[in-house]
Amino acid sequence: MAQLKADIVIVGGGTAGWLAAMILQAESKRAGRPLSITLIESSKIPTIGVGEGTTSLFRGVLQRLGLDEQEFIAKTEATIKYGIRHRDWRRKGHLYDGPIDDVYHLADKVEGRGSWIDTFCVAAGRSVAEPHLFGALMKQNRAPVASTPDGLRSLSQFHHAYHFDQAKVGAWLRSKADGITHIDAAVEGARLNSDNGRIVSLVLDTGERVSGSFFIDATGFRRSLICNEMGSKWKSYSDVLPVNRAMPFWIDLAEGEEIPTYTHAWAQSSGWMWQIPTQHRIGCGYVYSDAHLTPEQAQAEIEKTLGHAIEPRNDIKIDSGRVEQPLNKNVLAIGLAASFLEPLEATSIHGTLVSILLFVGRHLKNFEQISEEQEASFNRAIYGQTDDFRDFINLHYVSERRDSTFWCDVAENYIQPQTKARLELWQHKMPGPEDFTNELDGLPHLEELLHLPVLDGLGLLNQSLARKVMNQDKHFQRFARETADFLTRQSNQMASKAVGHRAWLDDIRSSNLSSAGVLPSVSTSV
């Protein structure tokens, strides 16, 4: 039996596995301690690519890895994402946008005033998305660049996010990986040290054995190492999140049709439909409750909503939740092996990146000897992140809708005490940074900037309170109005100068400028 050895062994490829491999490789080199990394994945295990969205953290990681954004877009058929459009969540016929840029970095600092631009918008009865450049770009479906006499220039200092087919991204990342040992095989079992319960080696279906000091489980729903070998338990969120099935399908984009620059989350009678555009088609799916709909009824409803037939690629039973010990001795679970939530706020890849980056920051130097205390601290941070994701998604279901049994059931049985407590708090004070915790060593997390568009869009903020806050200081109120007006005007003007999204993507794909470099992340006036 052939024996192979590596410092870190990753089981499972795809976006999660290859991102982990490349980040660990790059950061270990930067730390002056290059590691041998082996990734095991089986070409016999199929993948389903129906579109996935990221947060802006993904673009920062691409740049950190020195990967070319234009090549990434050309080779993976990715599109730009500025935020999420929520339709019919508050009530039928209502929509609101959640842009992901931060207007406070563009305004004068005002200490002690909290989220004052948002407070002004709420007081004035204006959408909190108005002052955001990304909000204007969402509405106009424009690219993040404008044409100038000197060529294309970036419009924003903020990272945008992406939509893509995760299978294609996994394959592209694999093609860019250099110095990582790749084995096409399936893991049949593991040998554990009987004294300490740590994995010593893996047995492959090729007859080979791969030993390592540390192992990463990126096997998705199979959770081959973290649950099957290490015995980590699954904590279900079925009492908090009401949907438990997903029916994915594709919609083809018409030739020349403009490509949306947002994820579309469209509430339905018994759940919601995602629409995530890639360059030639839109990845869709109905995430629904089978306590309220059969698969046949779900398909019929979506076909009625869209006005045409669909071809479901599958109908998947899902169990939202997380493993209780994502780090268990010398195994770290990432991606779907660590947690799964309905794809409402692009938490999957974001959570994967945060988990890897937190592991690198805390344990790259001592991954062979992580203490029980360090393991417990890491797990608190990661499952705390996932629990916060759960609560944020739960917030989206606080709706005025009572037009179906599902929405009545959600209102009565699924809105959690912690959600109700926060909403009660925010009737007496505007949300601020003090209301959110981050135990992720400063890595990005769900805080007030993401909550405010959802709270505002669902009508859950207290306009009388916001007006009272603004009326306390007329000079500051005028300053807030002038700032919000200026940012809104500037955003609309800049968006009007941006090139079209499809035209820009077509140009990148046709020219395939793999040597053009990553687009600048600094603001440029146009």
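Residues numbered from 1 in each chain as written. Predicted model: local features only at pLDDT ≥ 70, side-chain atom pairs only at ≥ 80, totals over all residues. Heavy atoms only, no water.

This part covers the packing of helix α9 (residues 372-396) against helix α12 (residues 448-457). At a closest axis distance of 10 Å, the pairing of α9 and α12 adopts a crossing angle of 20°. Overall, the two elements α9 and α12 adopt an arrangement that is roughly parallel. Both α9 and α12 take part in a crossing whose hand is left-handed. Here F392, L395 and H396 of α9 come into contact with α12, specifically with L450, H451, V454 and L455. Residues that form the contact of α9 with α12 fall into these classes: five nonpolar, two polar and no charged. (Axes fitted to C-alpha atoms, helices over the stretch in contact; angles between N-to-C directions. Helix = DSSP H or I, 4+ residues; strand = E, 2+ residues; numbered from the N terminus. Parallel < 35°, antiparallel > 145°, perpendicular 65-115°, else oblique. Left-handed = near helix turned anticlockwise from the far one by under 90°. Contact = heavy atoms within 4.5 Å. Nonpolar A, V, L, I, M, F, W, Y, C, P; charged D, E, K, R; others polar.)

Let us now look at the confidence of the model for the chain. Residues of the chain with pLDDT of at least 70 account for 96%, and the chain-wide mean is 94. Contacts from residues 513-526, a stretch scored under 50 in pLDDT, to residues over four places away or in other chains number 41 contacts. (pLDDT = per-residue confidence, 0-100.)

Tracing the sequence through the fold places E424 in helix α11 (residues 417-425). Here E424 falls in the partly exposed class, since its relative accessible area comes to 47%. When the C-alpha atoms of E424 and H105 are compared, they prove to be 29 Å apart, with 319 residues separating the residues in sequence. Polar contacts involving the side chain of E424 include one to the side chain of H428, which spans 2.9 Å. (Buried < 20%, exposed > 50% of the residue type's maximum accessible area, 1.4 Å probe, protein only. Polar contact = N/O pair within 3.5 Å; in protein donor to acceptor, adjacent residues only side chain to side chain.)

Moving on to helix α3 (residues 69-76). Most of α3 sits out of view: seven of its eight residues are buried. Residues E69, Q70, E71, F72, I73, A74 and T76 constitute the buried set of α3. The residue sitting at the N-terminus of α3 and contributing the capping side-chain oxygen is D68; that oxygen lies 3.0 Å from the backbone nitrogen of Q70. Where α3 ends, the next residue or the one after it, E77, has phi of about 60°, a positive value.

What follows is about the packing of aromatic side chains. Applying the stated criterion to the full structure yields 23 aromatic pairs. Residues Y397 and W407 carry aromatic rings whose centres are separated by 6.0 Å and whose planes lie at 35° to one another, so their mutual orientation is tilted. You can see Y397 sitting in the loop between α9 and α10 (405-413) and its partner W407 sitting in helix α10, a full ten residues away along the chain. Looking at Y397, the relative accessible area reads 2%, which means it is buried. By the ring-pair criterion, three or more aromatic residues cluster together here, those being F58, F72, Y162, F164 and W172. (Phe/Tyr/Trp six-rings, centres within 6.5 Å; stacked < 30°, edge-to-face > 60°.)

Looking down a regular strand, the side chains alternate between one sheet face and the other. Of the two faces of strand β9 (residues 161-164), both are covered, the one formed by A161 and H163 as well as the one formed by Y162 and F164. Relative to β9, strand β3 (residues 52-53) runs antiparallel, the two sharing two bridges. Looking at the pairing, G53 lines up with H163 of β9. Summarising the sheet, strand β4 (residues 79-81) and β9 pair through three bridges and their orientation is antiparallel. (Pairing = 2+ DSSP bridges.)

Read from one edge to the other, the open sheet built from seven strands follows the order β6-β5-β16-β17-β18-β15-β19, with strand pairing classed as mixed. Each edge of the open sheet is held by one strand with a lone partner, namely β6 (95-99) and β19 (316-317).

Here the focus is the packing of α3 against helix α6 (residues 166-176). The geometry of α3 relative to α6 is characterised by a closest axis approach of 9 Å and an angle of 130° between their N-to-C directions. Judged by the inter-axis angle, α3 sits oblique to α6. Crossing handedness for the pair α3 and α6: right-handed. Within the contact between the two elements, α3 uses E71, F72, K75 and T76 and α6 uses K168, V169, W172 and K176. Residues of the contact of α3 with α6, tallied by class, amount to three nonpolar, one polar and four charged.

Turning our eyes to something else, we now look at the pairing of strand β16 (residues 263-268). Most of β16 sits inside the fold, with six of its six residues counted as buried. One ladder, built from four bridges, connects strand β5 (residues 83-87) with β16; its direction is parallel. Of the residues in β16, the one forming a bridge with I84 is T263. In terms of strand pairing, β16 meets strand β17 (residues 271-277) through five bridges, oriented antiparallel. Counterpart to A267 in the pairing with β17 is W272. Counted along the chain from β16 to the antiparallel partner β17, the turn is two residues long.

The subject of this paragraph is the sheet that holds strand β23 (residues 339-340). Strand order across the open sheet formed by three strands is β14-β20-β23, with antiparallel pairing between neighbours. Both outer strands of the open sheet, β14 (234-236) and β23, are each paired with one neighbouring strand and no more. Where strand β20 (residues 321-323) lies against β23, two bridges are found, and the strand directions are antiparallel. If you follow R322 over to β23, its bridge partner there is S339.

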